[in-house]
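Structural overview for review
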Amino acid sequence: MDEREISQAVIGRLPRYFRYLGELKDEGVERISSQELSGLMKVTASQIRQDFNNFGGFGQQGYGYNVEYLYYEIGRILGLDRQHNFIIVGAGNLGRALGNYMNFERRGFIFKGIFDQDPDLVGRQVRGVRVMAMEDMDRFIRENDIDIAVLTLPKAGAEAVAERLAEDGIRAIWNFAHVDLNLPEGIQVENVHLSDSLMKLSYNINRYMKEQEKH
């Protein structure tokens with residue numbers, strides 16, 4: 001099946017499979033059945049098999065899955081078999097926190113640069129990387145084979161910066177700005193609205209409390 005036909009729901013579950021399989025591999029587990037994986041992940045065994053069948057199945061009837069093979073195959077599907085160089089645009093609290101997160105490198109995402117327009121932030125260090133001025137960004141992207149930009153700017157001005165990044169050849173934007181970006185086709189955008197996630201959590205708390213009140 002052509003990967004473009006695979007639903008976003010399936011794609012959204014792949015990183016979670018990858019994480020669990022990585023933990024199993026580190027624990028020395030060599031084989032696992034869909035039923036055993038179901039028990040760990042709280043996803044039905046049928047759903048797991050359906051998801052994997054989108055990419056060829058990976059397992060043998062009655063034999064289960066080879067954990068290491070499945071881990072590396074899902075990593076390949078996710079594009080983790082190649083290095084992705086990324087920059088952060090916005091050196092405020094969130095930008096610096098993301099820059100200090102070392103797990104990115106384990107997945108092949110290499111933190112190359114961080115930019116801000118605030119002269120008080122330019123020159124500071126984030127895990128050994130100096131905060132650079134915005135006027136240096138275009139040249140830096142071209143010279144360092146940057147394909148992902150992490151956008152942690154305030155809403156005002158974020159779209160203009162995103163358009164500038166697209167013109168510079170950025171292939172994907174991980175967008176933490178509170179604005180949905182409208183960019184040319186071919187620029188992949190993942191919008192992360194932290195408040196949306198918190199409100200979802202609030203809804204689930206509220207629903208649970210109402211259920212408890214009924215009993």
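Anyway, here's the lowdown on the structure attached to this text.

Calculation notes
Residues numbered from 1 in each chain as written. Predicted model: local features only at pLDDT ≥ 70, side-chain atom pairs only at ≥ 80, totals over all residues. Heavy atoms only, no water. Helix = DSSP H or I, 4+ residues; strand = E, 2+ residues; numbered from the N terminus. Buried < 20%, exposed > 50% of the residue type's maximum accessible area, 1.4 Å probe, protein only. Contact = heavy atoms within 4.5 Å. Areas by Shrake-Rupley, 256 points an atom, 1.4 Å probe, with all protein chains shown as cover. Lys, Arg positive; Asp, Glu negative; His and termini not counted. Charge placed at Lys NZ, Arg CZ, Asp CG, Glu CD. Salt bridge = Lys/Arg side-chain N within 4 Å of Asp/Glu carboxyl O. Polar contact = N/O pair within 3.5 Å; in protein donor to acceptor, adjacent residues only side chain to side chain. Axes fitted to C-alpha atoms, helices over the stretch in contact; angles between N-to-C directions. Parallel < 35°, antiparallel > 145°, perpendicular 65-115°, else oblique. Nonpolar A, V, L, I, M, F, W, Y, C, P; charged D, E, K, R; others polar. Arc of directions from axis to C-beta.

Notes on the overall build of the protein
Secondary structure summary: the protein contains nine helices and nine strands in total. If one aligns the C-alpha atoms of the protein with their principal axes, the spans along those axes are about 60 × 50 × 35 Å. Of all 215 residues assigned to the protein, the portion counted as buried reaches 41%. Considering only contacts in the protein between residues 6 or more positions apart, those separated by 24 or more positions represent 56%. For the protein, the accessible area works out to roughly 13200 Å², and carbon and sulfur atoms hold 48% of it. Side-chain charges in the protein split into 26 positive and 32 negative, and the spacing between the mean points of these groups amounts to 5 Å.

A few points about the pattern of salt bridges
A side chain of one charge can pair with a side chain of the opposite charge if their charged atoms are brought near each other. For the structure shown, the criterion picks out nine salt bridges. The partner of D147 in a salt bridge is R82, and the shortest N-O contact between them spans 3.3 Å. Here the residue D147 occupies a position in the loop between α7 (137-143) and β7 (148-151), and R82 occupies one in the loop between α4 (67-77) and β3 (84-89), the gap between them amounting to 65 residues. Residue class for D147 comes out buried when judged on its relative accessible area of 3%. In this structure R82 comes out as partly exposed when scored by relative accessible area, which is 43%. With a shortest N-O distance of 3.8 Å, D147 and R171 are connected by a salt bridge. Taken together, the residues D147 in the loop between α7 and β7 and R171 in the loop between α8 (158-167) and β8 (172-175) connect sequence positions 24 residues apart. The partly exposed category is assigned to R171, whose relative accessible area is 46%. Each of R82, D147 and R171 takes part in a single network of salt bridges with overlapping partners.

Focus: the side chain of N54
One can find N54 in the loop between α3 (45-53) and β2 (65-66). Judged by relative accessible area, which is 17%, N54 ranks as buried. A polar contact of 3.1 Å, which involves the side chain of N54, links it to the backbone oxygen of Q50.

Some words on the packing of helix α1 (residues 8-26) against α3
The contact between α1 and α3 brings their axes to 11 Å, and the two run at 105 degrees. The angle between α1 and α3 places the two elements in the roughly perpendicular class. Packed against α1, whose contacting residues are V10, R13 and Y17, the element α3 presents Q47, I48, D51 and F52 at the interface. A class-by-class count of the residues in the contact of α1 with α3 yields four nonpolar, one polar and two charged.

Some points on helix α2 (residues 34-41)
Along α2, the positions that sit buried rather than exposed are S34, L37, S38 and M41. The buried residues of α2 all sit within an arc of 105 degrees when viewed along its axis, so they share a single face. In the segment just after α2, K42 is the residue with positive phi, at about 60 degrees.

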